[in-house]
Amino acid sequence: MSDDGTDPYVRVRGASEHNLRDVDVDLPRNAFVAFTGVSGSGKSSLAFGTLYAEAQRRYFESVAPYARRLLQQVGAPHVQEITGLPPAVALQQRRGAPSSRSTVGTITTLSNLLRMLYSRAGDYPDGADHLAAEAFSPNTAAGACPRCGGLGVEHDVAEDLLVPDPSLSIRDGAIAAWPGAWQGANLRSIVTGLGIDVDRPWQRLAKKDRDWLLFTDEQPSVLIKPERDRIDHGYYGKFWSARKHVMHVLSDSQSERMRERALRFVRDSTCTVCHGSGLKPESLAVTFAGRSIAEVNALPFAEVVALLRPVAEAGPDDGDGGGSTEAAVRICADLVARLEVLLDLGLGYLSLGRGSTTLSPGEAQRLRIATQLRSGLFGVVYVLDEPSAGLHPADAEPLLDVLDRLKAAGNTLFVVEHDLDVVRRADWVVDIGPGAGEAGGRVLYSGPVAGLEPVDGSVTGDYLFDRVAPLEHEPRAPHGWLHLRGVTRHNLDDVSVDVPLGVLTAVTGVSGSGKSTLVTQVLAELVRDRLGLAPEDPDEAALEIDVDDAAGLEAFDRLVRVDQRPIGRTPRSNLATYTGLFDAVRKVFAGTDEARRRGYSAGRFSFNVAEGRCETCQGEGFVSVELMFLPGTYAPCPTCHGARYDAATLEVTYRDRNVAQVLALSVDEAAEFLADVPAASRSLETLREVGLGYLRLGQPATELSGGEAQRIKLATELQRARRGHALYLLDEPTAGLHPADTALLVRQLHRLVDAGNTVVLVEHDLDTIATADWVIDLGPGGGDAGGSVVAAGTPAQVAEAAGSATAPYLAQRLGRRR
């Protein structure tokens, strides 16, 4: 075996990261290699935890001693040897919380080019000074709007929030934003001292008095005379307007509860100076092709290309004024070339100014892939995490073409993938299994795709070669209908839609067609409002839904939104704590003879309580390692080595296991170990039913994929599900799932419907759509080309609909199922 770059294979020997069982495997270079297997089988442990981690370790080893020292804290992958491994680039499904200042333009670096275009080739007003490129960025001091600091949004109080009921008097609490108890009484006394009637209804006070009480910055001191039953001596009290009090709490209070209360009186509004662009007026005054940079940032990519292409193709000015400057031509040509890659990927509906927080994981990953394609790298390994996740079949085809172009440029693709149509396009497949967790971790097959067919024990092979009978399902008849008329939000423009009750409905369509807007925003907020529930997301609540009519909302007595947001953002949150089964585990330990003898309560066995946890890591099991110039990471605690508890707590055992060892059990193992603990076994059984038997009870939230987080939430719901009329809303629940896991999940969703509930899900997986009772297909395209109901009906009816991007793929899948 040679490691001088001439060996055509990457050769792995003795890989034992996570559940991998001393794996030996050879992988071809300059090829498209798909890693397959059920969820939790070990695919990512091999692709990311071993191959990418080792490539990263070698890179760090080649740089400064500082980086090598940090690597000793983070650790190296558990593998004996890897030869022939080129440098690697990872493109993972990031599901964290991106910055509110991050946009499509910053992710793709296209904003840098556009700013340079305006700086060097923009049309400046007469007498205006030339501006550097950074003056066209809202994220710099040179470019940020002076009023909103570059955010494009102003945060301020509003009278209707400060005074929700103007019929009340000040004494009766008209100014809801003011504090209660003694402070509130103090302010009322001050107002009385200022000569304003606190017993007159708010709406009958003079407007100048109302405005002064709510918004003034003045803080006069007023002598408060002694009052019977409240104060026995006089004092000077300082006045606080409602606005001043709210802003003081938000800027200075350490109490999260008080800050949350104060936020109820604040409304976000578009900045009146920059009109939402975040830029200072001087920057907005510069134009190119007749448009400001803010206007170009708001255009869909397809329109930006149309705007810039004439300049890119015109050629430099030859002196007669008919052309453009050389800088304009070169920058426009580069921008057009980069944007055309995004158009090829079906992202022409996005705009450069679109916030990264609004992107789906599939959109974000395609943007990163397109950026890499233009980077000009060759001879590297691209390790991709489910690039097709969250993509409509029509969007997956251009993605595969782009991957082919990356390979043709002299690169190697290692792709963790569940979409069998993508796997069929691979040159080589590495199938890992046969099961998940302890039942996985072995390479069942490594070779050309066709060779997987005769392999025994390969669940992937069973699905890839159609050896699994599809789930037979006769569409149910609806119990009633929810009728929405004239819905307007984002790209939904005056849309009318009918949602059947008591059945499972799949909402389909290409990326950007309006599916998530309809289901997770419009439907969720209308039902939440009907039930009198507080909004989950304050940012969403700030957006008004325009609906002409909504009939049938009274059918629901509960709303359950199951999304892919993390169940926690630090290692302290985990599967056991989120589902509540850890409460039962702690009670079991507190009930042992040894715990009683020591006087340990259930609280002692919580790693969130000081008395029993490891003090070095504060019960997290990990310590944060900050890497200069690189993202921070977590390393096992040097004191408890990840156990989370102090030594005394770990001395208490139940059936020969301490609490840390129980947290280390997989769900499958724990189901057997805790079979006679009813409060725990019910939770564990529902986790197994949604295909999560391989996860460890104490698996940190930071290690869970979005799909795993969503199934944990669903299992938590299933364990307490009761017969009723709940509305369950799910956004791409099968994203990132192997077909075998998808089949498990779909059965559980149908169980919810059988119990009398309504399930509506945004979905791209054709097998799941084929088993729905009803399909609502949006489109026909994405962005401005979407937002309409193209077809609605049973899967068979939608499969025959003209003009539907989903129809031909669904027809093909239904034909295969027959």
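Residues numbered from 1 in each chain as written. Predicted model: local features only at pLDDT ≥ 70, side-chain atom pairs only at ≥ 80, totals over all residues. Heavy atoms only, no water.

## A short note on the overall build of the protein chain
- Summing up its helical and strand segments, the protein chain has 31 helices and 26 strands in all.
- Taken against the 2.2 N^0.38 rule, which gives 28 Å for 818 residues, the C-alpha radius of gyration of the protein chain at 30 Å falls within 12% of a compact globule.
- Along the first, second and third principal axes, the C-alpha set of the protein chain runs to 95 × 90 × 65 Å.
- Counting all 818 residues of the protein chain, 52% fall into the buried class.
- A sequence separation of at least 24 residues applies to 68% of the contacts in the protein chain between residues at least 6 apart.
- With the model as given, the accessible surface of the protein chain reaches about 36,000 Å², and the carbon-plus-sulfur share is 49%.
- Within the protein chain, the 109 negative side-chain charges are centred at a point lying 6 Å from the centre of the 83 positive side-chain charges. (Helix = DSSP H or I, 4+ residues; strand = E, 2+ residues; numbered from the N terminus. Rg over C-alpha atoms; globule rule 2.2 N^0.38 Å. Buried < 20%, exposed > 50% of the residue type's maximum accessible area, 1.4 Å probe, protein only. Contact = heavy atoms within 4.5 Å. Areas by Shrake-Rupley, 256 points an atom, 1.4 Å probe, with all protein chains shown as cover. Lys, Arg positive; Asp, Glu negative; His and termini not counted. Charge placed at Lys NZ, Arg CZ, Asp CG, Glu CD.)

## Quick word on the pattern of salt bridges
- Counted according to the given criterion, the structure contains 39 salt bridges.
- Residue Arg11 is joined to Asp26 by a salt bridge in which the shortest nitrogen-to-oxygen separation is 3.0 Å. One end of the pair, Arg11, is in strand β1 (residues 9-15); the other, Asp26, is in strand β2 (residues 23-28), and 15 residues separate them in sequence.
- Across the salt bridge formed by Asp421 and Arg813, the nearest N and O atoms sit 3.9 Å from each other. Residue Asp421 is found in helix α16 (residues 420-424), and its partner Arg813 is found in helix α31 (residues 807-817); the two are separated by 392 residues along the sequence.
- Classification of Asp421 by relative accessible area gives partly exposed; the value is 36%. (Salt bridge = Lys/Arg side-chain N within 4 Å of Asp/Glu carboxyl O.)

## A short note on unusual backbone geometry
- Cis geometry is found at the peptide bond from Gly433 to Pro434, where omega equals 5°.
- Its location among the elements puts Pro434 in the loop between β14 (428-433) and β15 (442-447).
- The backbone of Glu386 sits at a positive phi, close to 45°, despite the residue not being glycine.
- A positive phi angle, close to 70°, is found at Asp656, a residue other than glycine.
- Mapped onto the fold, Asp656 is located in the loop between α23 (647-650) and α24 (659-663).

## Quick look at the pairing of strand β7 (residues 221-224)
- Only one face of β7 is covered, namely the face carrying Val222 and Ile224; the face carrying Ser221 and Leu223 is uncovered.
- Of the pairings in the sheet, the one linking β7 to strand β8 (residues 235-238) comprises 4 bridges and is antiparallel in character. If you follow Ser221 over to β8, its bridge partner there is Lys238. (Pairing = 2+ DSSP bridges.)

## Quick notes on the sheet that holds β2
- Spatial ordering of the open sheet is given by β2-β1-β4, a layout of 3 strands whose pairing is antiparallel. Sheet topology places β2 and β4 (81-83) at the edges, where each strand pairs with a single neighbour. Here the strands of the sheet are splayed against their neighbours by 5° on average, with no regard to which way each runs.
- Note: β1 against β4, 3 bridges, orientation antiparallel. Looking at β4, one finds that Arg11 is bridged to Thr83.
- Helix α1 (residues 43-61) contacts β1, β2 and β4 of the sheet and is inclined by roughly 75° relative to β4. (Axes fitted to C-alpha atoms, helices over the stretch in contact; angles between N-to-C directions.)

## Topic: helix α21 (residues 581-590)
- Counted residue by residue, α21 has 8 buried out of 10 residues, so it is predominantly covered.
- Buried within α21 we find Leu581, Phe582, Ala584, Val585, Arg586, Val588, Phe589 and Ala590.
- Looking at the packing, one finds that the buried side of α21 touches α20 (575-579), α22 (593-598), α24 and α26 (678-689).

## Section: the sheet that holds strand β20 (residues 558-562)
- Strand order across the open sheet formed by 6 strands is β20-β23-β24-β18-β25-β26, with mixed pairing between neighbours. Strands at the two margins of the open sheet, each flanked by one partner only, are β20 and β26 (788-793). Pairs of neighbouring strands in the sheet enclose a mean axial angle of 15°, with direction left out of account.
- In this sheet, strand β24 (residues 758-762) lies alongside strand β23 (residues 726-731) in parallel orientation, the contact comprising 5 bridges. Counted as the bridge partner of Leu729 is Val760 from β24.
- Against the sheet, helix α28 (residues 739-754) touches β18 (504-508), β23 and β24, its axis set at about 145° to β24.

## Overview of the confidence of the model for the protein chain
- Chain-level pLDDT for the protein chain is 87 on average; 91% of the residues reach the 70-or-more range.
- In this model residues 319-323 is a low-confidence stretch, pLDDT under 50, and it forms 4 contacts with partners more than four residues away in sequence or in other chains. (pLDDT = per-residue confidence, 0-100.)

## Thoughts on the packing of aromatic side chains
- All chains considered together, the criterion is met by 13 aromatic pairs.
- Note on Trp212 and Phe239: the rings are 4.6 Å apart at their centroids and 15° apart in plane angle, and the pair reads as stacked. A residue pair is termed long-range when its members are at least 10 positions apart, and Trp212 in helix α7 (residues 207-215) and Phe239 in the loop between β8 and α8 (242-252) qualify at 27 residues.
- We classify Trp212 as partly exposed; its relative accessible area is 22%.
- Aromatic pair Trp481 and Trp774: ring centres 5.3 Å apart, planes at 75°, arrangement edge-to-face. Of this pair, Trp481 sits in strand β16 (residues 480-489) while Trp774 sits in strand β25 (residues 774-779), and the two are 293 residues apart along the sequence.
- Judged by its relative accessible area of 32%, Trp481 is partly exposed. (Phe/Tyr/Trp six-rings, centres within 6.5 Å; stacked < 30°, edge-to-face > 60°.)

## Focus on empty space enclosed by the protein
- Applying the stated criterion across every chain yields a total of 2 cavities of 30 Å³ or more.
- Of the volumes computed, that of the largest cavity is approximately 60 Å³.
- Of all the secondary structure elements, the ones that give two or more residues to the lining of the largest cavity are α13 (326-344) and α14 (361-373).
- The residue inventory of the lining of the largest cavity, partitioned by class, reads 4 nonpolar, 2 polar and 2 charged.
- Here the second largest cavity is characterised by a volume of approximately 30 Å³.
- In terms of lining, the second largest cavity is formed by Gly37, Val38, Asp431, Ile432, Gly433, Pro434, Leu444, Gly457, Ser458, Val459, Thr460 and His738.
- Contributing elements (two or more residues each) for the lining of the second largest cavity: β14 and α17 (459-464).
- Of all the elements, β14 adds the most residues to the lining of the second largest cavity, at 3 residues.
- The residue inventory of the lining of the second largest cavity, partitioned by class, reads 5 nonpolar, 6 polar and 1 charged. (1 Å grid on protein atoms, 1.4 Å probe; cavity = no way out; pocket = protein on both sides within 12 Å on 5 of 7 lines; lining within 4 Å. Points joined across faces, edges and corners; volume = space filled by probe spheres on them. Nonpolar A, V, L, I, M, F, W, Y, C, P; charged D, E, K, R; others polar.)

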